[in-house]
Amino acid sequence: MAEEAILGYLEHNEQIADSGVFAAERQLDHNDVVNVIKSLHGFRYVDAQNIKRETWVLTDEGRKYAAEGSPEFQLFMAVPQEGSISKDELQKRLDPAVFKIGCSQAGKNRWVEMGKQVSRKVQNVEDKVRVLLLHVQEGHEIKQEDINSLKARKLIVLHFFEHGRAYSVTKGPNYAPQRKKVATDLTRENLQRGDWKELEFKEYNFNAKGQPAEGGHLHPLLKVRKQLKDIFLQLGSDIFVLWSCAGYSFEEMPTNNYVESRDVVIAACGRCVLKCLHPTKNGSNASALLNVNLFLCQTCSFWNFDALFQPQQHPARDSHDTFFLQEPSTTRELPEDYVERVKRVHEVGGYGSRGYGYDWKREEANKNLLRTHTTAVSSRMLKALAEKPFAPKRYFSIDRVFRNEAVDRTHLAEFHQIEGVDKLFYAMLDLGLASLICDRGLTLGDLIGVLKDFFTRLGMSQLRFKPAYNPYTEPSMEIFSYHEGLGKWVEIGNSGMFRPEMLLPMGFPEDVRVVAWGLSLERPTMILYGYNNIRDLFGHKVDLGSHQGEPNLSPWPRVKLWFFYFFRNSEYTRKHQGLGSL
Ligand SMILES: N[C@@H](Cc1ccccc1)C(=O)O
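Residues numbered from 1 in each chain as written. Predicted model: local features only at pLDDT ≥ 70, side-chain atom pairs only at ≥ 80, totals over all residues. Heavy atoms only, no water.

Student: Tell me about the overall build of the chain, and please be specific about residues and values.
Tutor: When its secondary structure is counted, the chain shows 23 helices and 20 strands. Buried residues in the chain amount to 46% of all 582 residues. Once local pairs closer than 6 in sequence are excluded, the contacts in the chain between residues at least 24 apart make up 73%. By element, 49% of the accessible surface of the chain is carried by carbon and sulfur atoms, the whole surface being about 30,400 Å². (Helix = DSSP H or I, 4+ residues; strand = E, 2+ residues; numbered from the N terminus. Buried < 20%, exposed > 50% of the residue type's maximum accessible area, 1.4 Å probe, protein only. Contact = heavy atoms within 4.5 Å. Areas by Shrake-Rupley, 256 points an atom, 1.4 Å probe, with all protein chains shown as cover.)

Here it is, written out as structure tokens:
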């Protein structure tokens, strides 16, 4: 429709002065008109030139006067050249609006004598308003004072082009009132029929821009990680801190100082095996990234579980849920005195506790694994803290954790077939956060206070707490937040006060309390960025929705690619690792 209108108009007119006006007058979408103009311009049917983004256009009333003459002119014409006409008679002859406006304007212009009888004061008048309106309609410039007067009479309005710029259009060298039908492809039928000889083919447009390249975005999870780090730093430096342990800031716990340099790390859970080479011995960036993750995330069961008063029979320690290292499979050293105290507290208790009453095994504690929560980082940190003269501390860490979800048959089956890689991402690329405040005399009120403060700063003020159980905290609380998209409360974290069975064997004074909380970053990211499906964060293409346009610092795509090659390519897996496919 737009194409016919443009080519048809140019057949009888020299130019379309303004595509915006042209579109508005014909009630066409300006965007469509511009697209057609661009296409016609490409084939030289027309020549198009950019013009400014805003222009004056006639209102309905303005358009009417441009066609029929201004009200004052119409009124003047209705007054006889000689003599006079009664006002009543004049009113009858004219449209009511034209009569009303006409009287006042023609009076102001001193064109007529107004009384009961109306007569002309001059013989000829020029309908300047109509002339001006026609100028505007054709896209010509008019003087500012004329614009002001037409605008005051609401005969013109400023039109802004929302999309793209406006164009002025004239006939091009290939102009024809209708576009020739051109073929885009040479088909078998063309050849069979022989009509290819007559066909005119569409030319290639080598100047066409390709699809805009996707890239350059920070992954939402990394954005939330940055946000969380900033919050921790703010929490410490605020003057108005409500809870008791004000005045010292959160420090980031080193999550990477337990690397043992080895050539190979192989970790396996009940469902899959991860293997990586030493980062420095491998050329590929992507695998180096993953390698670093695996290397840095190694710890042993002792710090991940035992030090946290988690019994050795606890289901989380099951080989289906935890990636145990095959090589090196056990830790070399642990602080022996402390290990002894931990063993005792598990077996027989102490410090007012009855313990679990089972036979604690050192071999179990020695097993190396990929940490299942960043609370493993906290336990090492607290042990180091307990060795020094007591000073209150606040710590946080955000880093990778490796955990498999609960398995059921359907999941296991699907896992191998379709969902494997995605699920594995979730299991392996989870970002965990652990934070703690260690001070004398802290209470659950302090924990609730800091959690509210923390999550409110993150933009999640709708919070609920639910009593929960963790082997290492008492009391414990699950943290829930309202997910608008899902329309329900979802769990976003877990928290509690570390048990005396955990803190006292470390060597802390009896009145020292530790409030702590931990979360995975996916849930808050879902809530903050409106993802309804956790998997959307890990797909081929993360839909960045409203948070586009950040510089790309994310190693995510590269790591992901690495995973695809690693797990999808069973040939590779079999040959190089002797592991069979996933
Ligand atoms: N370690 C817990 C979180 C937590 C940390 C500290 C105290 C209580 C709970 C988890 O991973 O879910």
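The discussion continues.
Student: Quick one: what's the story with the sheet that holds strand β2 (residues 46-51), residue by residue and with numbers?
Tutor: Backbone-to-backbone hydrogen bonds pair the strands of a sheet. The strands run either parallel or antiparallel. One open sheet holds the 3 strands; their spatial order is β1-β8-β2, and the pairing between them is antiparallel. The sheet is open, and its two edges are formed by β1 (15-16) and β2, each paired on a single side. In this sheet, strand β8 (residues 166-171) lies alongside β1 in antiparallel orientation, the contact comprising 2 bridges. Bridge pairing in β8 places I16 opposite V169. (Pairing = 2+ DSSP bridges.)

Student: Account for the nonpolar core, with residues named and values stated.
Tutor: Core analysis: the biggest nonpolar cluster contains 33 residues, and L433, F454, F455, W517 and L521 have the highest contact counts within it. If you list the elements that add at least two residues to this core, you get α11 (220-237), β15 (393-401), β16 (430-440), α19 (444-458), β18 (473-483), β19 (488-498) and β20 (512-520). Counting residues per element, this core draws most heavily on α11, which supplies 7 residues. With residues up to four places along the chain from it excluded, the contact list for F454 reads L228, I231, F232, L235, L433, W517 and L519. If you look at the next biggest cluster of nonpolar residues, it comprises 30 residues, including V377, L385, M502 and L503. (Core = buried A, V, L, I, M, F, W, Y, C linked by side-chain atoms within 4.5 Å.)

Student: Explain the packing of helix α4 (residues 60-68) against helix α8 (residues 128-137) residue by residue, including any values.
Tutor: Orientation of α4 relative to α8, taken along the N-to-C sense of each, is 115°, at an axis distance of 8 Å. Handedness of the α4/α8 crossing: left-handed. Here G62, R63, Y65, A66 and A67 of α4 come into contact with α8, specifically with R130, L133, L134 and Q137. Taken together, the residues of the contact of α4 with α8 break down into 5 nonpolar, 2 polar and 2 charged. (Axes fitted to C-alpha atoms, helices over the stretch in contact; angles between N-to-C directions. Left-handed = near helix turned anticlockwise from the far one by under 90°. Nonpolar A, V, L, I, M, F, W, Y, C, P; charged D, E, K, R; others polar.)

Student: Could you give an account of the sheet that holds strand β5 (residues 112-113), with specific residues and numbers?
Tutor: One open sheet accounts for 3 strands, arranged β4-β6-β5; its pairing is antiparallel. At either margin of the open sheet sits one strand with a lone partner, and together these are β4 (84-86) and β5. When β4 meets strand β6 (residues 117-120), the two strands line up antiparallel, connected through 3 bridges. Bridging from a neighbouring strand, S84 pairs with S119 of β6.

Student: Tell me about unusual backbone geometry, residues and numbers included.
Tutor: Of note, the bond from E474 into P475 is cis; its omega dihedral lies within 30 degrees of zero at -5°. Unlike most non-glycine residues, Q27 shows phi in positive territory, near 55°. Tracing the backbone shows Q27 in the loop between α2 (19-25) and α3 (30-42). On the basis of relative accessible area, Q27 is assigned to the exposed category, the value being 73%. With a phi angle near 50°, Y351 is a residue other than glycine that sits in the positive phi range. Tracing the backbone through its elements, the reader meets Y351 in the loop between α14 (336-347) and α15 (362-366).

Student: Any chance you could break down the environment of A183 for me, citing the residues and the numbers?
Tutor: Assignment of secondary structure puts A183 in the loop between β8 and α10 (188-193). The spatial distance from the C-alpha of A183 to the C-alpha of F201 is 4.7 Å, given a sequence separation of 18 residues. Excluding residues within four positions of it along the chain, A183 makes contact with L199, E200, F201 and K202.

Student: Which residues make up the pairing of β6, and what are the values?
Tutor: Residue alternation in β6 divides its side chains into a buried set, V118 and R120, and an unburied set, Q117 and S119. Relative to β6, β5 runs antiparallel, the two sharing 2 bridges. Across the sheet, V112 pairs through a bridge with R120, a residue of β6. Remark: 3 residues form the turn of the hairpin made by β5 and β6, two consecutive strands paired antiparallel.

Student: Now, about the environment of S461: what can you tell me, with residues and values included?
Tutor: Tracing the backbone through its elements, the reader meets S461 in the loop between α19 and β17 (463-470). Through-space distance from the C-alpha of S461 to that of S481 is 7.8 Å; in sequence the pair is 20 residues apart.

Student: Could you give an account of the confidence of the model for the chain, with specific residues and numbers?
Tutor: Scored by pLDDT, the chain has a mean of 78; 75% of the residues are at 70 or more. Ignoring residues within four places in sequence, the model shows residues 278-292, a span with pLDDT below 50, making 25 contacts including any to other chains. (pLDDT = per-residue confidence, 0-100.)

Student: Before we move on, could you go through the pattern of salt bridges and cite the residues and values that matter?
Tutor: Scanning the entire structure with this criterion turns up 21 salt bridges. In this structure, the salt-bridge partner of D195 is R193, at a minimum N-O distance of 3.1 Å. A salt bridge links E251 to K393; the nearest nitrogen and oxygen atoms lie 2.8 Å apart. One end of the pair, E251, is in strand β9 (residues 250-252); the other, K393, is in strand β15, with 142 residues separating them in the sequence. Linked through salt bridges whose partners overlap, the residues forming this network are E89, K92 and R93. (Salt bridge = Lys/Arg side-chain N within 4 Å of Asp/Glu carboxyl O.)

Student: Could you give an account of a nonpolar patch on the surface, with specific residues and numbers?
Tutor: A grouping of L186, L191, W196 and F201 is seen on the molecular surface, where their side chains present a nonpolar patch of about 390 Å² in accessible area. For W196, the location among the structural elements is in the loop between α10 and α11. (Patch = residues over 30% accessible without salt bridge, like charges linked within 9 Å, V, L, I, M, F, W, Y side chains within 5 Å.)

Student: Could you give me a rundown of the packing of helix α1 (residues 2-12) against α3, with the residues and numbers involved?
Tutor: One way to put it is that α1 packs onto α3 with a least axis distance of 9 Å and a crossing angle of 60°. Here α1 is positioned oblique relative to α3, judged by the angle of their axes. Here α1 runs over α3; the crossing is right-handed. Contacts between α1 and α3 pair A2, E3, I6 and L7 from the former with V33, V36, I37 and L40 from the latter. (Parallel < 35°, antiparallel > 145°, perpendicular 65-115°, else oblique.)

Student: I'd like a rundown of the layout of surface pockets, residues and numbers included.
Tutor: Where empty space is left can be seen by rolling a probe of water-molecule size over the atoms. When its volume is computed, the second largest pocket comes out at roughly 580 Å³. Residue lining of the second largest pocket: 19 residues in total, with S39, G42, F43, E203 and N205 positioned closest to the centre. (1 Å grid on protein atoms, 1.4 Å probe; cavity = no way out; pocket = protein on both sides within 12 Å on 5 of 7 lines; lining within 4 Å. Points joined across faces, edges and corners; volume = space filled by probe spheres on them.)

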